Protein chains: 2
Amino acid sequence: MRAHNLALVLQTVANSTNQPSRAAVSAATGLTRATVSALVDDLVSGGLLVEVDPPPRTGAGRPAVGLTLTSTGPAGLGLEINVDYLAACVVDLTGAVRQRFVEHADQRPADPAQALAALGALAARARLAAEADGLIVAGAALAVPGLVAGRGLVRVAPNLGWQDIDAVAELHRVPELADLPVTVDNEANLAALGELRVTGGDPTFLYISGEIGIGAGLVLDGELYRGVRGWSGEIGHVTVYPDGRPCRCGSRGCLEQYAGQEALESGEPLAAAALGIALSAVVNLLDVPVIVLGGAYAPIFERLREGIEAELRQRVLTSGLAPVALRPAALGADAAMRGAADAIIRAVREDPAGWLRRSSQRYV
Amino acid sequence: MRAHNLALVLQTVANSTNQPSRAAVSAATGLTRATVSALVDDLVSGGLLVEVDPPPRTGAGRPAVGLTLTSTGPAGLGLEINVDYLAACVVDLTGAVRQRFVEHADQRPADPAQALAALGALAARARLAAEADGLIVAGAALAVPGLVAGRGLVRVAPNLGWQDIDAVAELHRVPELADLPVTVDNEANLAALGELRVTGGDPTFLYISGEIGIGAGLVLDGELYRGVRGWSGEIGHVTVYPDGRPCRCGSRGCLEQYAGQEALESGEPLAAAALGIALSAVVNLLDVPVIVLGGAYAPIFERLREGIEAELRQRVLTSGLAPVALRPAALGADAAMRGAADAIIRAVREDPAGWLRRSSQRYV
DNA sequence: GCCAAATAATTCAACCACTAAACAATTTCG
DNA sequence: CGAAATTGTTTAGTGGTTGAATTATTTGGC
């Protein structure tokens with residue numbers, strides 16, 4: 001119960017645009033001022049919240065003490081490995097990017113261990129720089145363009161040529177990362193989480209990421225839906241033309257053949273229509289009100305828009321009752337890496353009690 | 001916290017196959033025997049649980065007192081209106097059907113008010129019969145073949161010819177139902193809930209219901225996903241052949257044109273393939289491991305099976321890693337009505353504290 | 001310039017719900 | 001018949017929340 005209320009208070013402060021006082025938090029949560037005071041004290045002494053001195057003055061009365069998330073506490077290490085680059089960043093509890101390293105290089109010739117060692121080196125640099133800056137890296141998340149099974153095993157990453165790679169074990173070989181909890185997730189899933197953070201408004205949307213392959217991250221009611229085995233979002237292999245072009249997955253007429261990066265670069269005329277058909281299926285099935293186009297789609301959003309919307313208008317049963325909103329991604333190429341870092345700090349935000357417990361143990 | 005634990009105890013008893021003792025519940029939930037005792041006493045005196053005398057003897061020790069859900073407490077009234085029948089049933093807390101009334105008649109000529117008045121009469125009979133039997137009808141849920149907006153407004157039910165009908169208001173005109181909380185939901189959604197109850201095992205599946213139209217109910221992690229506006233599951237209008245037959249929804253190549261009841265009756269050769277294509281999209285997007293075929297599909301399941309599975313094998317990216325299970329629905333034509341009644345008792349089960357509060361007020 | 005009103009935060013007693021441990025009840029087994 | 005086992009209750013203690021009173025610090029009227 002205390003754990004729940006700690007999270008409630010922390011989220012309230014986090015989601016508030018200004019720097020709320022204890023009294024404001026009390027009003028927003030429905031908890032008593034006394035309770036909020038006690039909880040806030042714990043969060044402050046545990047290094048998750050800080051009191052800020054100059055609160056905005058308003059009317060009579062004792063001045064309020066503003067509260068805000070710390071920028072020197074726990075942080076998340078976001079990692080991404082993709083076909084043509086490696087990237088690492090550190091995001092603090094407020095969501096600010098504190099470190100950012102990107103290394104452009106084709107990863108396909110390298111074998112997985114080499115690639116992950118290079119990424120590990122980048123990650124180690126980011127971690128050390130962040131910790132020199134007063135941050136405590138709470139964990140790392142890695143975004144990969146492929147299917148991930150539980151416990152950080154990459155089952156297949158077709159465009160990297162990977163198969164059954166234990167990415168966590170490889171990263172843990174780097175001495176500076178050996179003690180760090182690492183999770184692995186699909187690139188589109190994490191990018192969707194990143195987008196959720198910056199959009200704020202819409203808790204339910206589909207993020208679709210056009211890279212060499214096409215992935216999607218589905219956020220329902222503010223939560224990423226990963227599927228039972230973590231293999232949701234494979235929109236690239238949704239059939240749009242049943243008897244269409246053969247796909248390297250063994251099927252025919254997959255969306256990827258018409259709207260993947262290779263098709264786009266060769267000026268495929270059906271790209272927007274194919275996207276529209278696949279997205280209509282998503283909306284008909286899930287009643288998703290917002291679709292965010294990311295990856296390679298974001299820069300050419302305006303060129304795709306009309307073609308997609310035409311299909312949605314025609315093919316979505318409820319398009320007459322309420323239109324589907326189409327938006328370019330707010331984060332650019334950093335989305336997955338940002339989302340990965342965000343996943344770590346999200347975990348701290350959702351379970352501050354766990355963090356306090358662990359961080360008190362650190363000093364015993 | 002008490003509310004949460006009351007629900008926990010009640011669910012534990014409900015999900016248990018035998019009639020567990022307080023000690024068994026304590027072991028299953030992790031709560032202390034003392035706590036469980038206190039909670040169980042509340043549930044017994046509130047009329048949700050009953051103690052059963054003859055517990056199965058085993059070994060030494062004081063004999064246990066078995067616990068089981070009451071069969072004389074709260075009950076759910078499930079209603080269904082469809083093209084060619086009206087139906088009402090009452091299900092008690094244990095999930096047993098206690099009353100069942102079905103009236104076959106084509107509803108299309110009747111105007112909505114007439115049809116709902118007839119259904120209301122059926123519902124009133126079911127309620128009175130149930131209450132004569134010692135049950136307390138806690139609420140009613142109505143399954144309709146159409147799109148429902150919040151607060152019981154049926155936006156469109158194409159096959160009934162309905163548009164913007166306030167079904168709750170119409171039912172409340174029946175004097176015997178005037179005091180009853182009534183909700184309205186899509187037929188496939190409620191059928192999926194009904195299926196969830198009887199399957200028990202799989203908490204994540206897609207239920208697909210082949211009637212005149214084709215609807216789907218999506219159950220994720222044991223919860224029905226209704227979509228932001230409650231319009232999820234419109235799989236009948238997912239595009240399978242982009243340039244295919246025109247559909248009355250204004251689009252082309254909708255699944256309904258190839259696998260709707262009318263197509264099935266005319267021996268459509270593409271039915272199974274079309275279903276397979278649409279279902280592949282669902283699995284690729286959501287990683288759903290189980291698909292349940294209901295409505296008109298259930299009796300012809302074996303005829304459809306191979307055709308659907310062939311498409312799934314070809315078109316689902318992860319079909320090589322883990323196959324998708326295909327099953328006929330366990331409940332027959334009663335699924336939606338059963339699911340509707342179930343939705344009511346599900347609410348009681350999930351918030352027993354609320355029920356206890358309300359039922360204590362009833363006697364003040 | 002001072003006091004009243006207003007607002008923020010803390011302190012303190014009471015209470016609720018859970019836990020742990022002792023205890024009572026009732027059986028089986030040697 | 002008594003020891004062991006098992007269920008269920010009682011009792012004392014604890015963590016966490018509430019509500020009321022208290023303290024702290026400002027504005028504004030006179």
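Worth saying up front: this structure is predicted, and the values here are computed from it rather than measured.

**Digging into the protein's contact with DNA strand C**
Consideration 1: Taken together, 25 residues are adjacent to DNA strand C, and S37, R62 and V65 of chain A together with N5 and T35 of chain B come closest.
Consideration 2: Take the atoms of DNA strand C that sit within 4 Å of the protein: sugar and phosphate atoms are 72% of them.
Consideration 3: One nitrogen or oxygen atom from the side chain of S21 of chain A is found 3.5 Å from a phosphate oxygen belonging to DNA strand C.
Consideration 4: Contact between DNA strand C and R22 of chain A: a phosphate oxygen at 3.1 Å from a main-chain N or O atom of the residue.
Consideration 5: The greatest single-element share of the surface near DNA strand C, amounting to 3 residues, is contributed by helix α3 (residues 33-45) of chain A.
Consideration 6: Broken down by class, the residue content of the surface near DNA strand C amounts to 11 nonpolar, 8 polar and 6 charged.

**Points about the pattern of salt bridges**
All names here are of chain B.
Consideration 1: A complete count under the given rule lists 42 salt bridges over all chains for this structure.
Consideration 2: Of the charged contacts, one joins D42 and R2 as a salt bridge, the two residues approaching to 2.9 Å between their closest N and O atoms. Of this pair, D42 sits in helix α3 (residues 33-45) while R2 sits in helix α1 (residues 2-15), and the two are 40 residues apart along the sequence.
Consideration 3: Residue R2 is classed as partly exposed on the basis of its relative accessible area, which comes to 43%.

**Brief notes about the pairing of strand β10 (residues 182-186) of chain A**
Residue and element names in this part refer to chain A.
Consideration 1: For β10, the tally of buried residues reaches 4 of 5 residues, placing the bulk of the element in the interior.
Consideration 2: Across 5 bridges, the pairing between strand β6 (residues 136-144) and β10 is parallel. Within the sheet, the bridge partner assigned to L142 lies in β10 and is V184.

**Quick look at the pairing of strand β14 (residues 290-295) of chain B**
Residues and elements named next belong to chain B.
Consideration 1: Buried residues dominate β14, accounting for 5 of its 6 residues.
Consideration 2: Across 5 bridges, strand β11 (residues 205-210) lies against β14 in parallel orientation. Residue pairing in the sheet places S209 in a bridge with G294 of β14.
Consideration 3: Relative to strand β15 (residues 325-328), β14 is paired through 4 bridges, and the arrangement is parallel. Each residue of the ladder has a partner; that of L293, found in β15, is P328.
Consideration 4: Chirality of the crossover, the property in question, places the unit of β14, helix α10 (residues 301-315) and β15 among those that are right-handed.

**Examining the relation of the copies chain B and chain A**
Consideration 1: It takes a turn of 179° to lay chain B on chain A, together with a shift of 0.0 Å along the axis; the resulting RMSD is 0.1 Å. In short, the pair behaves as if placed about a two-fold rotation axis.
Consideration 2: A symmetric contact is evident, with 100% of the interface residues of chain B recurring at the interface of chain A.

**A short note on the sheet that holds strand β8 (residues 153-157) of chain A**
All names here are of chain A.
Consideration 1: In spatial order, the strands read β7-β8-β9; together these 3 strands make up an open sheet with antiparallel pairing. A single partner strand is all that each edge strand has here, and the edge strands are β7 (147-149) and β9 (162-166). The average angle at which neighbouring strand axes cross in this sheet is 15°, direction not considered.

**Concerning the environment of R22 of chain B**
Residues and elements named next belong to chain B.
Consideration 1: Among the structural elements, R22 can be located in helix α2 (residues 22-29).
Consideration 2: The buried category is assigned to R22, whose relative accessible area is 17%.
Consideration 3: Sequence-distant contacts of R22, defined by excluding residues within four places in its chain, comprise V36, S37, V40, D41, E51, V65 and L67.
Consideration 4: A distance of 2.4 Å separates polar atoms of two side chains, one belonging to R22 and the other to E51.

**What to know about the packing of aromatic side chains**
Residue and element names in this part refer to chain B.
Consideration 1: Evaluated as defined, the whole model comprises 2 aromatic pairs over all chains.
Consideration 2: When the centroid spacing of 4.9 Å and the interplanar angle of 65° are considered together, the rings of Y241 and Y258 count as edge-to-face. Highlighted residues: Y241 in the loop between β13 (223-225) and α7 (255-259) and Y258 in helix α7, separated in sequence by 17 residues. Y258 carries the same exposure label as Y241, and that label is buried.

**Considerations on the protein's contact with DNA strand D**
Consideration 1: Surrounding DNA strand D, one finds 22 residues, the nearest of these being N5 and T35 of chain A together with S37, R62 and V65 of chain B.
Consideration 2: Among all atoms of DNA strand D positioned within 4 Å of the protein, those belonging to sugar or phosphate total 70%.
Consideration 3: Between DNA strand D and the protein, one listed contact pairs a phosphate oxygen with a side-chain N or O atom of R2 of chain A at 3.3 Å.
Consideration 4: Between a base oxygen of DNA strand D and a side-chain N or O atom of R33 of chain B, the distance comes to 2.8 Å.
Consideration 5: Across the surface near DNA strand D, the residue classes tally to 9 nonpolar, 8 polar and 5 charged.

**A closer look at the sheet that holds strand β7 (residues 147-149) of chain B**
Residue and element names in this part refer to chain B.
Consideration 1: Strand order in the open sheet formed by 3 strands is β7-β8-β9, with antiparallel pairing between adjacent strands. Looking at strand neighbours, the two that pair on one side only are β7 and β9 (162-166), the edges of this open sheet. Taking the axes of each pair of neighbouring strands and ignoring which way they run, one obtains an average angle of 15° across the sheet.
Consideration 2: Across 4 bridges, the pairing between strand β8 (residues 153-157) and β9 is antiparallel. Bridge pairing in β9 links A157 to W162.

**Let's talk about the interface of chain B and chain A**
Consideration 1: Each partner contributes residues to the interface: chain B has 44 residues there, and chain A has 44 residues.
Consideration 2: Summing both sides of the interface, chain B and chain A together bury roughly 4,100 Å²; the carbon and sulfur share of this comes to 64%.
Consideration 3: Together, R229, L285 and D287 of chain B form the three largest contributors to the area buried by chain B at its contact with chain A, with a combined 17%.
Consideration 4: For the pair chain B and chain A, the number of links is 2 salt bridges.
Consideration 5: Notably, a salt bridge pairs D287 of chain A with R229 of chain B, separated by 2.8 Å at the nearest N-O pair.
Consideration 6: Joining chain B to chain A, the criterion identifies 22 residue pairs in polar contact (both at pLDDT 80 or more).

**Quick word on the domain arrangement of chain A**
All names here are of chain A.
Consideration 1: Structurally, chain A comprises domain 1 (2-69), domain 2 (74-180 + 336-362) and domain 3 (199-328).
Consideration 2: Each of domain 1 and domain 2 was reduced to a C-alpha centroid, and the two centroids are 31 Å apart.
Consideration 3: Each partner contributes residues to the interface: domain 1 has 13 residues there, and domain 2 has 11 residues.
Consideration 4: Summed over both partners, the interface of domain 1 with domain 2 comes to about 940 Å²; 75% of that surface belongs to carbon and sulfur atoms.

**Examining the nonpolar core**
Consideration 1: One finds I235 of chain A together with I235 of chain B to be the most contacted residues of the largest nonpolar core, which totals 80 residues.
Consideration 2: Ignoring sequence-local partners within four residues, the contact set of I235 of chain B consists of L285 of chain A together with L206, I208, I214, G215, A216, L255, A278, L279 and V282 of chain B.

**Some points on the packing of helix α6 (residues 187-199) of chain B against helix α11 (residues 335-350) of chain B**
Residues and elements named next belong to chain B.
Consideration 1: At a minimum axis distance of 7 Å, the contact between α6 and α11 shows a crossing angle of 70°. Considered as vectors, α6 and α11 are oriented roughly perpendicular to each other. Considering only the axes of α6 and α11, their crossing is left-handed. Packed against α6, whose contacting residues are E187, L190, A191, L193, G194, L196, R197 and V198, the element α11 presents A335, A336, R338, G339, A340, D342, A343, I345, R346 and R349 at the interface.

**Overview of the environment of A271 of chain A**
Consideration 1: On the secondary structure map, A271 of chain A appears in helix α9 (residues 271-286).
Consideration 2: If we skip the residues at most four places from it in the chain, A271 of chain A touches Y258, A259 and L264 of chain A.

**Here's the deal with the side chain of Q107 of chain A**
Residues and elements named next belong to chain A.
Consideration 1: One can find Q107 in the loop between β5 (97-104) and α4 (112-132).
Consideration 2: Relative accessible area serves as the criterion here: at 6%, Q107 is assigned to the buried category.
Consideration 3: Contact partners of Q107, with chain neighbours within four places excluded, come to I81, N82, V83, Y85, L86, A115 and L160.

What counts, and at which threshold
- Residues numbered from 1 in each chain as written.
- Chains lettered and ligands numbered in written order.
- Predicted model: local features only at pLDDT ≥ 70, side-chain atom pairs only at ≥ 80, totals over all residues.
- Heavy atoms only, no water.
- Near = heavy atom within 4 Å.
- Polar contact = N/O pair within 3.5 Å; in protein donor to acceptor, adjacent residues only side chain to side chain.
- Helix = DSSP H or I, 4+ residues; strand = E, 2+ residues; numbered from the N terminus.
- Nonpolar A, V, L, I, M, F, W, Y, C, P; charged D, E, K, R; others polar.
- Salt bridge = Lys/Arg side-chain N within 4 Å of Asp/Glu carboxyl O.
- Buried < 20%, exposed > 50% of the residue type's maximum accessible area, 1.4 Å probe, protein only.
- Pairing = 2+ DSSP bridges.
- Right-handed = clockwise from strand over helix to strand, strands pointing away.
- Least-squares fit on C-alpha atoms with pLDDT ≥ 70 in both.
- Contact = heavy atoms within 4.5 Å.
- Axes fitted to C-alpha atoms, helices over the stretch in contact; angles between N-to-C directions.
- Phe/Tyr/Trp six-rings, centres within 6.5 Å; stacked < 30°, edge-to-face > 60°.
- Buried area = accessible area lost by both parts, 1.4 Å probe.
- Domains from an automatic or database assignment.
- Core = buried A, V, L, I, M, F, W, Y, C linked by side-chain atoms within 4.5 Å.
- Parallel < 35°, antiparallel > 145°, perpendicular 65-115°, else oblique.
- Left-handed = near helix turned anticlockwise from the far one by under 90°.

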